[in-house]
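A structural walkthrough
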Amino acid sequence: MSTGAERLADVHQRIAAAARAAGRDPAGVALVAVSKTHGADRVREMLEAGQRVFGENRVQEAEEKFPALKAEYPDLELHLIGPLQTNKARDAVALFDVIQSVDRDRIAVALAKEMERQGRRPACYIQVNTGEEPQKAGVAPADVDGFVATCRDVHKLPVIGLMCIPPVDEEPALHFALLAKIAARNGLAGISMGMSADYETAVRLGATHVRVGSALFGARAPLATHA
Ligand SMILES: *Cc1c(COP(=O)(O)O)cnc(C)c1O
């Protein structure tokens, strides 16, 4: 059995190797440790090993774990990587430092209103449905340019990047390359892509943030899994 610190070091090494192989500076890739379904004790283990950036996909679950940890570790950076409902926009703006799942006008409006009200402006990523899967969240590739412009110019959201979750049964590299291309033409520096199974590929194709859960924390309980 490896410890959390060992798994963390291994993932960091793999990210650095993939970055160097692609002629990139490893410092340009941030590891988002996806702690969904795992308790605060497991998050604390990673914090003690030096990890500071975490991702959760449910607002309520994050609210149960992170306020106390953030008080203890003021440099902790929390990313929302799961679907956001408009009635959770207030809580999301209050707790998260980055919101990676902005994917429709209603949520953009709700976030803008809350940012104005709270005076807190978490960085935003637009989620892109690169596989155009009907059941999956995200903006269709053809609609991204327009949606980014609306979020920036009309809603004044601090949009800094794009995020995608490729279809499980397709070659992820094609989706990663597409996301990087759309980000480049929109002048967006942030590219969130790659999970436990494919983060090295994502790094080679330009990811600035990889979202790694099971490779760091071990398998999640099947019933509690929610992508
Ligand atoms: C759960 C999740 C991850 C991490 O998945 P692993 O395969 O466990 O690394 C990454 N991104 C999103 C959006 C997720 O929901």
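As shown above, the structure is provided for reference.
So, here is what we can say about the structure in this document. The residue numbering used here restarts from 1 in each chain and proceeds along that chain's sequence as written. Since the coordinates come from a predicted model, pLDDT governs what is reported: local features require at least 70, and pairs of side-chain atoms require 80 or more to be given and counted, while whole-chain, interface and lining totals use all residues. The basis for the side-chain values is all heavy atoms of the structure; hydrogens and waters are excluded.

So, the overall build of the protein chain
In plain terms, the rule: Helix numbering and strand numbering both begin at the N terminus, where a helix is a DSSP run of H or I of at least 4 residues and a strand a DSSP run of E of at least 2. For a compact globule the rule gives 2.2 Å times the number of residues to the power 0.38, and the radius of gyration it is set against comes from C-alpha atoms. Using a 1.4 Å probe on the protein chains alone, a residue whose accessible area is under 20% of its type maximum counts as buried, one over 50% counts as exposed, and one in between counts as partly exposed. Between two residues, a contact is recorded if the distance between any of their heavy atoms is within 4.5 Å. Here the open area of atoms and residues is found with the Shrake-Rupley method and a 1.4 Å probe, where only the protein chains shown may cover a residue.
Within the protein chain, the secondary structure is distributed over nine helices and eight strands. The C-alpha atoms of the protein chain give 17 Å as radius of gyration, which agrees with the globular expectation for 227 residues (17 Å, within 12%). Taking the principal axes of the C-alpha coordinates as reference, the protein chain spans close to 50 × 40 × 35 Å. Put simply, the protein chain has 227 residues, and 50% of those count as buried. Taking the intrachain contacts of the protein chain between residues at least 6 apart in sequence as the baseline, contacts between residues at least 24 apart amount to 61%. Looking at the protein chain as shown, the accessible area adds up to about 10300 Å², and 53% of this sits on carbon and sulfur atoms.

Some points on helix α1 (residues 4–21)
We count it as follows: The length a helix should cover is 1.5 Å for every residue beyond the first.
Relative to the 26 Å expected for 18 residues at 1.5 Å per residue, α1 spans 26 Å between its end C-alpha atoms, a close match to the ideal helical length. Within α1 the residues assigned to the buried category are G4, R7, L8, V11, I15, A16, A18 and A19. Taken together, the buried residues of α1 touch β1 (30–34), α2 (40–48), α8 (199–204), β8 (209–212) and α9 (214–217). Within two residues after α1, G23 carries a phi angle of roughly 70 degrees, on the positive side.

Points about the pattern of salt bridges
Rules: Put simply, a salt bridge is a Lys or Arg side-chain nitrogen that is within 4 Å of an Asp or Glu carboxyl oxygen.
Here the structure, examined in full by the defined rule, presents 14 salt bridges. Put simply, R104 and D103 hold a salt bridge, and the shortest N to O gap is 2.8 Å. The exposure class of R104 is partly exposed, given its relative accessible area of 29%. Exposure remark for D103: the relative accessible area of 15% places this residue in the buried category. Ionic contacts of the salt-bridge type, sharing partners, join the residues D10, R14 and E200 into one network.

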